[in-house]
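Here is how the chains run, residue by residue.
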Amino acid sequence: MTMANLEQLKPPLKWAGGKRWLVPKLWRIWQDYPTHQLVEPFCGGLAVALGLKPEIATLNDANPHLINFYQQLKKGLNSDLMMVNDQDFYYQCRNRFNELIYNRTAQTPEAALLFYYLNRTGFNGLCRFNSQGFFNVPFGKYKKINYCQDFSLYKVAFQNWQFYRSDFENLTIPHGSVIYADPPYDVEFHQYAAGGFTWEDQERLAQWLARQNVPVITSNQATERILALYRKLGFRVDTLLAPRRIACNGDRTPALEMLAYRNLV
């Protein structure tokens, strides 16, 4: 295991709205804060954290299965699940995963491996749950899937990273932090976790970010109301075209993205 291996470490999951494409732009900002802690209230697929590689990070998400997966990786998750690109096996694993959810035993290594397998094998890389909290993404029908069988590098990378499942307002933001917030987009599809993310949540997040006394960067779909909200709260707002690599309907049309800033040097 070498530093070169860690430098090239990629996000382990497919993730809708992933920000790997944005890392070069964020990196130019991050270079002014090399010793700071990175705080992500919506860490998602970890594209930003693994791209910026902070020494210390607080990484939070509302999705309990996502956070369990990362916590299990940090503990040294061993892959003992046969992973095959097979429709019947996929639905067996989906049923087993939902059984664990139903029995309230989904915070385990088994659940983490099933979550990984379902994410890599399911349709379009979606992570979607129904109103009862059960995973309902259909089989993906990929021609070939490269499954990870050795997660040991993630254990090393996550050594000084803390993973939480909390509402963003419950996070403690110490001095010497940089916040990067990438909430679910202000669009119709927002069922990343049971309960969704409403417009009231968008407003609550923007107001919470505006109250912070540390550097803040946030991204979102550049809808008229999102742009107006952040400008009204005193953020510097830019727009840029963002690629869509995963979408609920398969649409890959570039989308207009907002990037807003406060308290940068």
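Notes on the structure in this doc start here. Residues take numbers from 1 onward in each chain, read along the sequence in its written order. Restriction of local features to residues with pLDDT of at least 70 applies here, the model being predicted, together with a cutoff of 80 or more for giving and counting side-chain atom pairs; totals for whole chains, interfaces and linings are based on all residues. As a convention, hydrogens and water are excluded, and side-chain values are obtained from all of the structure's heavy atoms.

1. Comments concerning the packing of helix α4 (residues 64-75) against helix α6 (residues 109-121)
Short version of the rule: To get an axis, a line is fitted to the C-alpha atoms, and for a helix only the part in contact is used. The angle between two axes follows their N-to-C directions and goes from 0 to 180 degrees. We count a stretch as a helix when DSSP gives it H or I for four or more residues in a row; a strand needs E for two or more, and each element gets its number in order from the N terminus. Orientation labels follow simple angle bins: below 35 degrees gives roughly parallel, above 145 gives roughly antiparallel, 65 to 115 gives roughly perpendicular, and whatever is left gives oblique. Helix crossings are classified by the rotation of the near helix relative to the far one: an anticlockwise turn of less than a right angle makes the crossing left-handed, while a clockwise turn makes it right-handed. Residue contacts are counted whenever heavy atoms from the two residues lie within 4.5 Å of one another.
Interaxial distance between α4 and α6 falls to 9 Å at its minimum, and their mutual angle equals 110°. Between α4 and α6, the interaxial angle falls into the category roughly perpendicular. Of the two elements, α4 crosses α6, and the hand of that crossing is left-handed. The segment α4 lies against α6, with H65, L66, N68, F69 and Q72 engaging P109, A111, A112, F115 and Y116.

2. Observations regarding the pairing of strand β2 (residues 57-60)
What counts, and what does not: Working definition: with a 1.4 Å probe on protein chains only, accessible area under 20% of the residue-type maximum means buried, over 50% means exposed, and in between means partly exposed. Pairing between strands requires that DSSP locate at least two bridges from one strand to the other. Note on handedness: a clockwise path from strand one over the helix to strand two, with the strands aimed away from the viewer, defines a right-handed crossover.
Burial of β2 is two-sided: the residues A57 and L59 facing one way and the residues T58 and N60 facing the other way are all buried. As paired elements, strand β1 (residues 37-40) and β2 share 3 bridges and run parallel to each other. Residue pairing in the sheet places E40 in a bridge with L59 of β2. A crossover connection joins β1 to the parallel β2 through helix α3 (residues 47-52); in handedness this β-α-β unit is right-handed.

3. Brief notes about the sheet that holds strand β3 (residues 161-164)
Taken in spatial order, the 7 strands of this open sheet run β3-β2-β1-β4-β5-β7-β6, and their pairing is mixed. Looking at strand neighbours, the two that pair on one side only are β3 and β6 (236-242), the edges of this open sheet. Strand after strand, the sheet turns through a mean of 20° between neighbouring axes, direction not considered. Summarising the sheet, β1 and strand β4 (residues 177-181) pair through 3 bridges and their orientation is parallel. In the sheet register, L38 faces β4, and the bridge partner there is V178.

4. Looking at empty space enclosed by the protein
Here is the rule we go by: Here the term cavity refers to a set of points on a 1 Å grid, laid over the protein atoms alone, in which a 1.4 Å probe fits but cannot get out; the term pocket refers to an open set having protein on both sides within 12 Å along at least five of seven lines, with lining residues being those that place an atom within 4 Å of a point. Grid points are joined across faces, edges and corners, and a volume is the space filled by probe spheres set on the points. The classification used treats Ala, Val, Leu, Ile, Met, Phe, Trp, Tyr, Cys and Pro as nonpolar, Asp, Glu, Lys and Arg as charged, and all other residues, Gly among them, as polar.
All chains considered together, the criterion is met by 1 cavity of 30 Å³ or more. Taken as a whole, the largest cavity holds about 60 Å³ of empty space. Secondary structure elements with two or more residues in the lining of the largest cavity: α2 (23-30), α3 and β4. Partitioned by chemical class, the residues of the lining of the largest cavity number 11 nonpolar, no polar and no charged.

5. Structural notes on the pattern of salt bridges
Inclusion rule: Throughout this description, the term salt bridge denotes a Lys or Arg side-chain nitrogen within 4 Å of a carboxyl oxygen of Asp or Glu.
Applying the stated criterion to the full structure yields 10 salt bridges. A salt bridge links K19 to D182; the shortest N-O distance between them is 3.2 Å. Taken as a pair, K19 in the loop between α1 (3-7) and α2 and D182 in the loop between β4 and α8 (199-211) lie far apart in primary sequence, 163 residues in all. No difference in accessibility class separates K19 from D182, as the two residues are buried. Between E257 and K19 there is a salt bridge, with its nearest N and O atoms 3.6 Å apart. On the criterion of sequence distance, the pair formed by E257 in strand β7 (residues 255-262) and K19 in the loop between α1 and α2 is long-range, its members being 238 residues apart. Among the ionic contacts, a cluster of salt bridges with common partners joins D167, E169, D201, R204 and R211.

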